[in-house]
Amino acid sequence: MNYIASKVVRKKVLFFIIVVLLGFKTAVAQKKVVPVPPLRVENLICEYKTNPIAIEAANPRLSWKLLAQQRNVIQTAYEIRVGKNAVSLTKGKNILWTSGKVISDQSIHVNYAGPAQASRQKVYWQVRVWNNYGQASPWSMVNSWKMGLLHPEDWTAQWIQNNYDSDTTGGPSPMFRKVFKLSHNVRAAHLYVTAHGVFEAQLNGKRIGTDYFAPGWTSYNKRLQYQMYDVTGGLKKGNNAVGVTIGDGWYRGYTYNRIKNVYGKKLALLFQLEVLYTNGKRELITSDKSWKVSYGAIRSSSFFDGELYDARKEKPNWSTATYIDKGWDSVKVDNTIKENLVTLIGPPVKKHEQFFPLKVLTTPEGDRVVDFGQNLVGWVKFKLKGKAGDTLKLYHAEVLDQKGNFYTKNLRTAKQEIQYVFKSDSVETYEPHFTFQGFRFLKIVGYSGVIDSTNVIANAVYSDMVQTGTFSTSNPLVNQLQHNILWGQKGNFIDVPTDCPQRDERMGWTGDAQAFCRTATFNMDVAGFFTKWLKDLSADQHKDGAVPYVIPNMLDSTLAAASGWSDVATIAPWNIYLAYGDKQVLEQQYESMKAWVGYIQLHSRNYLWDTGNHFGDWLFYAGTDYADGAALTDKNLIAQAFYAHSTQLLINAAAILGKEDDVTKYTGLLANIKKAFMGEYVTPNGRMISGTQTSYVLALNFDMLPENLRESAAKRLVNNIDDYDDHITTGFLGTPYICHVLSRFGHTDMAYELLMKESYPSWLYPVKNGATTIWERWDGIKPDKSFEDPGMNSFNHYAYGAIGDWMYRVITGINTDEAAPGFHKIIIAPHPGGKLTSAQAELETLYGKIKSAWTIDNGIFTLDIIVPPNTTAQVVLPSVTDQITESGLDINTIKEITNITREGADEQMNVGSGTYHFVYTLKVKNKKS
């Protein structure tokens, strides 16, 4: 190409670029840039749920979060409006109810106060707010809620059962089906369904919903939940079909000590599909005599034993309208009551994380074993090829033994076994339906092909709780401990807070739940989970106030009332109140709390509770490694301490609820309880008759001792820990409080010593031994690699994970002010120590995210915090030696920081919402406290 031609080309290219740039500039100029408002409202929830479709609360509670660009933002007013139509609501038309402008900073648990809503009614709502800068937010996005079936007469469906004599525990799962015709196009359709047993439903060949083990576990005879599904998109004009399969589940399946048929002997279905046509007419399809029933591939199912699935007996397309059900049998109608039906309150059980084989190994005994790298709860899904009629067996275990062999003795009678019979010589895919296992290791029998991530996957299954908290430090072992605490919670929160998820137990033991409840609120959103479970506690509480060992109660009804276990009746409601600012949970549980304290009163003599059977400080250190021997704490001493604690929590609840007469009454009772404690268990100079860590911890944590004896008691606790070479010896009842007590009385360094200990007994000992969840015992695997008693040696048992509460509240310092619970007023008071150079925690509250992250670098202490809008925080900076800066400025010059005071070496201040970055030189401690 010559020079002239090249020049012409360059001019054309330049002209083209200019045209493109001009066009782009014009397009940008024409495009409207929507500014982000300085104040807005998001994350609308109703009764802890987003757009719930079946609630029964007459005045549902509404909550929202503020998002703001400025610091120190407080809501000064709000307005809620509710309508029957989303579009008209946004236009301010057809308003069903409006709060008007309410001068208030309340943004959580605001009660709807409009006209009473009928069953099935759906309404839409939105909110706007004003803040302390005079700014108004735009109206929020529109959310909704829908009422459930509020009255027994709303149910026209009939309970149906099969007629089979083989319908017994451990028998095949019945499959119910019905074909129905819809005469018009469908505008909306909702299914209300429950079962005696656990069910899976299908509509026109597709599974309904993503939840498992519905309708969940409650005190069935008193409270049976039903599920509601929006199935509008699954229906069509013309012929349709529905199918429901039912397994034994908790209703009649095997429980502790192989007890069965706790709630009934026959599986049953209650099904009500309500269809609204585009022409305004309605149609109901309900369970009745017209349904048919048969057996299929699920030959048996059990939470303990697993599932037997014979693929040769599958009935392809059985839940479609084209399926020919010749040979299916008729059903019978059962007149079971419907007065005990309630809507789903807590989160349903769902599938979550997937785990792929970490490695495939052959054990010394020749077993083929898959290691998934994580002790989890759920099941294995496979895609494998066999031969028609061959049986594949999958066995599940938490650990391998000393020699590396598959270990299942700790399962006791639970089989945890999947048997699958191939139907063909082709590749087949399967995952269980009505069972779950606790496992890390999978033994495969009956398959010799390749095993990898393409054909074997482990699915974690647990209640659908959002993870709200994260915690990490500069110490990898502590981080693994936090990981183990979280996974212990996931694996044991399967509709109820179980004690363990693998052996033949898996019940809602109350002692474990009370020990771990506060920690649980940091890790995940458990508000709905515990609210639901506490309703069953009230339902199963005895008339005399006794609280059973397990909830729902599946044990002998005469077995009830143990200190530290039954006290969950007061402890859990109070912890939920603190974490979520939920006054209603105190109202809901108040009579139960009062009845429990009344039971103890009834069984006390001269204000001393020294009768009854108690578990004591369950699984305390009982080794012989130290001269003092076992750390046995007097059970009656423990009972008296928890008697006082429950009474104090009852007083607290009464004060919140305005029950002044009860405050006076139980304050007097509490004084007598403590006086009796001092007379029976404490010498005049403050020495406990049981000189154990747990005895001092409970006495100090529950304020059983007068002020003048507390410091000396704390020193005796420290001396006891020294005697055990800085090891913990507490069990289930002392462990949740020991580090809190040490910090409260100025011995945080000793608390760190306990946390950081790596030898038995300690929190990090299991971590050093490869644990991925919390163990039931401090030495589930002994130092010589042998096992503890297999009769009680779970490797997924969350009680000792209660240390997580101290890690959040003390190491990173995130706490709530009890005067304004739910983190409306926040305390951020970090306590560095344990040779940590950094620690960070985040917590998503009902108001928004709280963050506390500190680092130490060459003596410089840095603290980064986030305080969500509509909250304030008291910040306590530890060991201050010189000027503190925030984002490079002297804190005394920052208007959002007020009330700066010095207490010892600590600097206290109040801050408004926003993000802050504090820096100063840290004072060096010269000696161990």
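Keep in mind the model is a prediction, meaning the values are calculated, not measured. (Residues numbered from 1 in each chain as written. Predicted model: local features only at pLDDT ≥ 70, side-chain atom pairs only at ≥ 80, totals over all residues. Heavy atoms only, no water.)

## Points about the overall build of the protein
Filter applied, for reference: A run of H or I in DSSP becomes a helix once it reaches four residues, and a run of E becomes a strand once it reaches two; helices and strands are each numbered from the N terminus. Only C-alpha atoms enter the radius of gyration; for comparison, a globular chain is expected to reach 2.2 Å times N to the power 0.38, where N is the number of residues. Remark: exposure states derive from per-residue accessible area (1.4 Å probe, protein chains only) relative to the maximum for the residue type, with buried under 20%, exposed over 50%, and partly exposed in between. By definition, residues are in contact when any of their heavy atoms lie within 4.5 Å.
Along the protein, the regular secondary structure elements total 16 helices and 48 strands. In summary, the protein has a C-alpha radius of gyration of 31 Å against a globular reference of 30 Å for 929 residues, a match within 12%. Overall, the protein is about 90 × 85 × 75 Å in size when its C-alpha atoms are taken along their principal axes. Across the 929 residues that make up the protein, the buried fraction comes to 60%. The long-range fraction of contacts in the protein, counting pairs at least 24 apart against all pairs at least 6 apart in sequence, stands at 74%.

## Quick notes on the sheet that holds strand E12 (residues 198–203)
Just so we agree on the cut-off: When DSSP locates at least two bridges between a pair of strands, those strands are taken to pair.
Strand order in the open sheet formed by six strands is E13-E12-E16-E10-E19-E22, with antiparallel pairing between adjacent strands. Here the strands that pair on one side only, and so sit at the sheet edges, are strand E13 (206–207) and strand E22 (329–330). Bridge analysis of strand E19 (residues 292–295) against E22 gives two bridges, and the strand direction is antiparallel. Looking at E22, one finds that lysine 292 is bridged to serine 330.

## Side note on the pattern of salt bridges
Going by this rule: Salt-bridge detection follows one rule: a side-chain nitrogen of Lys or Arg within 4 Å of a carboxyl oxygen of Asp or Glu.
The final tally for this structure, using the stated rule, is 39 salt bridges. Where arginine 312 meets aspartate 310, a salt bridge forms, and the shortest distance between an N and an O atom there is 2.9 Å. Glutamate 707 serves as the salt-bridge partner of arginine 710, at 3.1 Å between the closest nitrogen and oxygen. Note that arginine 710 and glutamate 707 are positioned in helix H12 (residues 707–723) at a spacing of three residues, about one turn of the helix. Residue classification places arginine 710 among the buried positions, given a relative accessible area of 12%.

## Some thoughts on the pairing of strand E31 (residues 417–421)
For E31, a buried count of four out of five residues is recorded, marking the element as mostly surrounded by other parts of the structure. Sheet topology places strand E21 (residues 306–310) next to E31; five bridges connect them, and they run parallel. Across the sheet, the residue bridging to leucine 308 is glutamine 419, located in E31. One ladder, built from five bridges, connects strand E28 (residues 391–397) with E31; its direction is antiparallel. When the bridges of E31 are listed, leucine 392 appears paired with tyrosine 420.

## Describing the packing of helix H8 (residues 583–602) against helix H9 (residues 635–656)
Put simply, the test is: Each axis is a line fitted through C-alpha atoms, taken for helices only over the stretch in contact, and angles between the N-to-C directions span 0 to 180 degrees. Crossing handedness: left-handed means the near helix sits turned counterclockwise from the far one by under a right angle, and right-handed means the same turn made clockwise.
Relative orientation of the contacting elements H8 and H9 amounts to 140°, with a least axis distance of 9 Å. Once H8 is placed against H9, the crossing between them reads as left-handed. Of the residues in H9, those in contact with Lys583, Leu586, Tyr590, Met593, Lys594, Trp596, Val597, Ile600 and Gln601 of H8 are Tyr643, Ser646, Thr647, Leu649, Leu650, Ala653, Ala654 and Ile656.

## Looking at the packing of aromatic side chains
In plain terms, the rule: Note on aromatic contacts: the rings of Phe and Tyr and the six-membered ring of Trp form a pair at centre separations within 6.5 Å, being stacked when their planes are under 30 degrees apart, edge-to-face when over 60 apart, and tilted otherwise.
For the structure shown, the criterion picks out 66 aromatic pairs. For the ring pair phenylalanine 213 and phenylalanine 436, a centre distance of 5.8 Å and an interplane angle of 50° mean the geometry is tilted. You can see phenylalanine 213 sitting in the loop between strand E14 (211–212) and strand E15 (224–230) and its partner phenylalanine 436 sitting in the loop between strand E32 (427–430) and strand E33 (437–445), a full 223 residues away along the chain. Their ring planes at 75° and their centres at 5.9 Å tell us that tyrosine 323 and tryptophan 328 sit as a pair that is edge-to-face. Each member of the pair, tyrosine 323 together with tryptophan 328, is buried.

## Focus: the packing of helix H6 (residues 527–540) against H8
To keep it simple, the criterion reads: Comment on the angle field: the value is read as roughly parallel under 35 degrees, roughly antiparallel over 145, roughly perpendicular from 65 to 115, and oblique elsewhere. Three categories are distinguished: nonpolar for Ala, Val, Leu, Ile, Met, Phe, Trp, Tyr, Cys and Pro, charged for Asp, Glu, Lys and Arg, and polar for the others, with Gly belonging to the last.
Contact geometry of H6 with H8 gives a least axis separation of 10 Å together with a crossing angle of 20°. By the angle between their axes, H6 is roughly parallel relative to H8. Crossing hand, H6 versus H8: left-handed. On H8, the residues touching Thr531, Leu534, Lys535, Leu537 and Ser538 of H6 are Val585, Gln588, Gln589 and Ser592. For the contact of H6 with H8, a count of residues per class yields three nonpolar, five polar and one charged.

## What about the side chain of lysine 443?
Residue placement: lysine 443 occurs in strand E33. According to the relative accessible area criterion, lysine 443 is buried, its value standing at 16%.

## A look at the sheet that holds strand E2 (residues 61–68)
The strand order E1-E2-E6 describes an open sheet built from three strands, whose pairing is antiparallel. Every interior strand has two partners, whereas the edge strands, strand E1 (39–46) and strand E6 (110–111), have only one.

## Some details on the nonpolar core
Our working definition: Nonpolar core, defined: a set of buried Ala, Val, Leu, Ile, Met, Phe, Trp, Tyr and Cys residues in which side-chain atoms within 4.5 Å join the residues together.
Of all hydrophobic cores here, the largest spans 225 residues; its most connected members are Phe213, Trp763 and Phe918. Per-element tally for this core: the top contributor is H9, with 12 residues. Counting 32 residues, the second-largest nonpolar core is a separate cluster that includes Ile160, Tyr164, Leu182 and Phe271.

## Description of the environment of serine 426
Relative to the assigned elements, serine 426 resides in the loop between E31 and E32. Residue class for serine 426 comes out partly exposed when judged on its relative accessible area of 44%. Residues within four places of serine 426 in sequence aside, it is in contact with Leu384, Lys385 and Gly386.

## Details of a negative patch on the surface
To keep it simple, the criterion reads: Two distance rules govern patches: like charges are joined within 9 Å, and nonpolar side chains (Val, Leu, Ile, Met, Phe, Trp, Tyr) within 5 Å, applied only to residues with over 30% relative accessible area and no salt bridge. For every accessible area listed, the method is Shrake-Rupley and the probe measures 1.4 Å; residues are considered covered only by the protein chains on display. Neither His nor the chain ends contribute to the count of charged residues, in which Lys and Arg are positive and Asp and Glu negative. By convention, the point assigned to a charge is CZ for Arg, NZ for Lys, CD for Glu and CG for Asp.
A grouping of Asp722, Asp723, Asp725 and Glu753 is seen on the molecular surface, where their side chains present a negatively charged patch. Tracing the backbone shows aspartate 722 in helix H12. On the basis of relative accessible area, aspartate 722 is assigned to the partly exposed category, the value being 36%.

## Quick look at the state of the cysteines
Working definition: the covalent bond between the sulfur atoms of two cysteines is a disulfide. The following threshold applies: Pairs of cysteine sulfur atoms within 2.5 Å are what we label disulfides.
As enumerated under the stated definition, the model contains zero disulfides in all. With no disulfide of its own, cysteine 517 has cysteine 739 as its nearest cysteine by sulfur position, at a separation of 19 Å. In this structure cysteine 517 comes out as buried when scored by relative accessible area, which is 0%.

## A closer look at the confidence of the model for the protein
This is how the line gets drawn: The predictor reports its confidence for every residue as pLDDT, a score running from 0 up to 100.
Looking at the protein as a whole, the pLDDT averages 94, with 95% of positions reaching at least 70. Every residue in residues 1–29 is under pLDDT 50, and counting partners more than four places away or in other chains gives three contacts.

## Observations concerning unusual backbone geometry
Between isoleucine 551 and proline 552 the backbone carries a cis peptide bond, its omega angle lying at -10°. Of note, the bond from tyrosine 760 into proline 761 is cis; its omega dihedral lies within 30 degrees of zero at -5°. In this fold, proline 761 is placed in the loop between helix H14 (748–756) and helix H15 (764–768). Its identity as a non-glycine residue notwithstanding, asparagine 606 has a phi of 55°, on the positive side.

## Some points on H12
Convention followed: To estimate the expected span of a helix, count its residues, drop one, and scale the result by 1.5 Å.
In a regular helix each residue adds 1.5 Å, so 17 residues correspond to 24 Å; H12 covers 25 Å between its end C-alpha atoms and thus fits that length. Residues of H12 that are buried include every one of Leu709, Arg710, Ala713, Ala714, Arg716, Leu717, Val718, Asn720 and Ile721, and no others. Of the surrounding elements, those touching the buried residues of H12 are helix H10 (660–681), helix H11 (693–701), helix H13 (735–744) and H14. After H12 finishes, the residue aspartate 725 shows a positive phi value of roughly 55°.

## Observations concerning the environment of leucine 619
As for its position among the elements, leucine 619 is in the loop between H8 and H9. Put simply, leucine 619 and arginine 777 are 158 residues apart on the chain and 6.5 Å apart in space, counted from C-alpha to C-alpha. Discounting chain neighbours no more than four positions away, the residues touching leucine 619 are Thr730, Gly731, Phe732, Glu776, Arg777, Trp778, Met792 and Tyr800.

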